[in-house]
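Structural overview for review
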Amino acid sequence: MKTVVKLWAIVRVSLLEMLGHPIALLLTFASAIWVLALPMLQFQRFSEDGRMARDCGLAMAFLFGLIFVISNASRLTRTLSNGTAAAVFVKPISRGFWIFGHCFGGILAMGIFLLVQVAVVMLAETFSPTYRLNGAYANVPALFYSMGVLLLPLFLGALNQCFLRGRFTLTALLLMPLFVWGEVLIVGVTHLWGILTGGLAIFLGLIQIAAVATAIATRCTSGLTTLLSTLFVLVWAYSLNGAAYLQLDALSMGGAIPCRTLVFLLPQTVAVMGFALWGATGLLRHRAIS
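Residues numbered from 1 in each chain as written. Predicted model: local features only at pLDDT ≥ 70, side-chain atom pairs only at ≥ 80, totals over all residues. Heavy atoms only, no water.

Remarks on the packing of aromatic side chains
Across all of its chains, the model carries five aromatic pairs by this definition. Ring centres of F100 and F104 lie 5.9 Å apart, and the angle between their planes is 10 degrees; this geometry places the pair in the stacked category. Of the two residues, F100 and F104 are both situated in helix α5 (residues 95–126); the distance of four residues between them amounts to about one turn of the helix. Ring-pair connections join several aromatic residues into one group, and the members of that group are F62, W236 and Y245. (Phe/Tyr/Trp six-rings, centres within 6.5 Å; stacked < 30°, edge-to-face > 60°. Helix = DSSP H or I, 4+ residues; strand = E, 2+ residues; numbered from the N terminus.)

This is how it looks when you write it as structure tokens:
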């Protein structure tokens, strides 16, 4: 029981630190606003109504998710170099235990980011232009309303900081998934299950990249971590079939990624994550921390 409490304490600190960082809010908000703007920029049909918003939205969620997890790994390098980690290791906590908790906290933070993005993609697809004989029409008022829903957590976060001395960024990011998913449930989106499976596949892929970026960050500077993590993404996409985690064609015409396919993607995710964190633990044990 004490082990679980210690692990949760590390995960919680890592989660709150990442969600409390301005870059996390900036990435989440900017990506969501851009996805909602896509239907208003569509001037021709792409094989089916809403496909451009759905495919571009999921691809953008993956791209911004990459920035999210690599930024979290870069934050680890600063933790190891500024003395924060040294203060933690004074306590009876193993380095492997700490690195796993730090990585898992970052993965949970990235999961909150994806929750927002998946919900926004559903809304963008639902409000995309519907092509009739007399032309195409996007539901512009609904899209602007959705953008307003994204602004509400920012407003409440500002009020929390002003009157209750709370953390603006943390409050806004924790409230944002609740607001956008509340709208999704009220609106009744047209392709909920399919986009959920697409988001889950992206999540599995980003878990692997997050674990490898964490291993790299244990011995490299922030800039080198970013460079090597980017190179790994290219190798991962080529040799480990990264395209399997962004199966956009499977979502066409109301389709979904089969559950069996998602189950088959799990062994690779577990293997890459386990190997990367095992390597990160070994690298951290041979690093002098002051």
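Now that the structure has been shown, we can carry on.
Structural notes on the environment of G255
Looking at where G255 falls in the secondary structure, it is placed in the loop between α9 (222–239) and α10 (259–285). In this structure G255 comes out as buried when scored by relative accessible area, which is 19%. Those residues in contact with G255 that lie beyond four places of it in its chain are H191, G194 and A250. (Buried < 20%, exposed > 50% of the residue type's maximum accessible area, 1.4 Å probe, protein only. Contact = heavy atoms within 4.5 Å.)

Some thoughts on helix α6 (residues 140–164)
For α6, built from 25 residues, the straight-helix expectation of 36 Å at 1.5 Å per residue is met to within 8% by its first-to-last C-alpha distance of 36 Å. For α6, every residue scored as buried is listed here: A142, L143, S146, M147, V149, L150, P153, L154, G157 and N160. Buried residues along α6 sit against α2 (22–37), α5 and α7 (168–187). Just downstream of α6, R165 is the residue with a positive phi angle, here 60 degrees. (Expected span 1.5 Å × (residues − 1).)

Remarks on the nonpolar core
Grouped together as the largest cluster of nonpolar side chains are 75 residues, with contacts concentrated most on F68, M110, L206 and I209. Examining the composition of this core, we find that 15 residues originate from one element, α5, more than from any other. Every residue in contact with L206, bar those within four places of it in the chain, is listed here: F62, G65, L66, V69, M110 and L114. (Core = buried A, V, L, I, M, F, W, Y, C linked by side-chain atoms within 4.5 Å.)

A short note on the side chain of T281
The residue T281 is located in helix α10 in this model. Looking at T281, the relative accessible area reads 11%, which means it is buried. Only 2.8 Å separates the side chain of T281 from the backbone oxygen of L277, close enough to count as a polar contact. With sequence-adjacent residues up to four places away left out, T281 is seen in contact with G96 and I99. (Polar contact = N/O pair within 3.5 Å; in protein donor to acceptor, adjacent residues only side chain to side chain.)

A look at α9
Here α9 spans 25 Å end to end across 18 residues, near enough to the 26 Å set by a 1.5 Å rise per residue. Taken as a whole, α9 has its buried residues at T225, S229, F232, V233 and W236. Along the long axis of α9, the arc covered by the buried residues comes to 110 degrees, so they all point the same way. Relative to its buried face, α9 has exposed residues pointing more than 90 degrees away, namely G223, L234 and Y238. The inward-facing, buried residues of α9 contact α3 (51–81), α8 (192–217) and α10. At the C-terminal side of α9, N241 shows a positive phi close to 60 degrees. (Arc of directions from axis to C-beta.)

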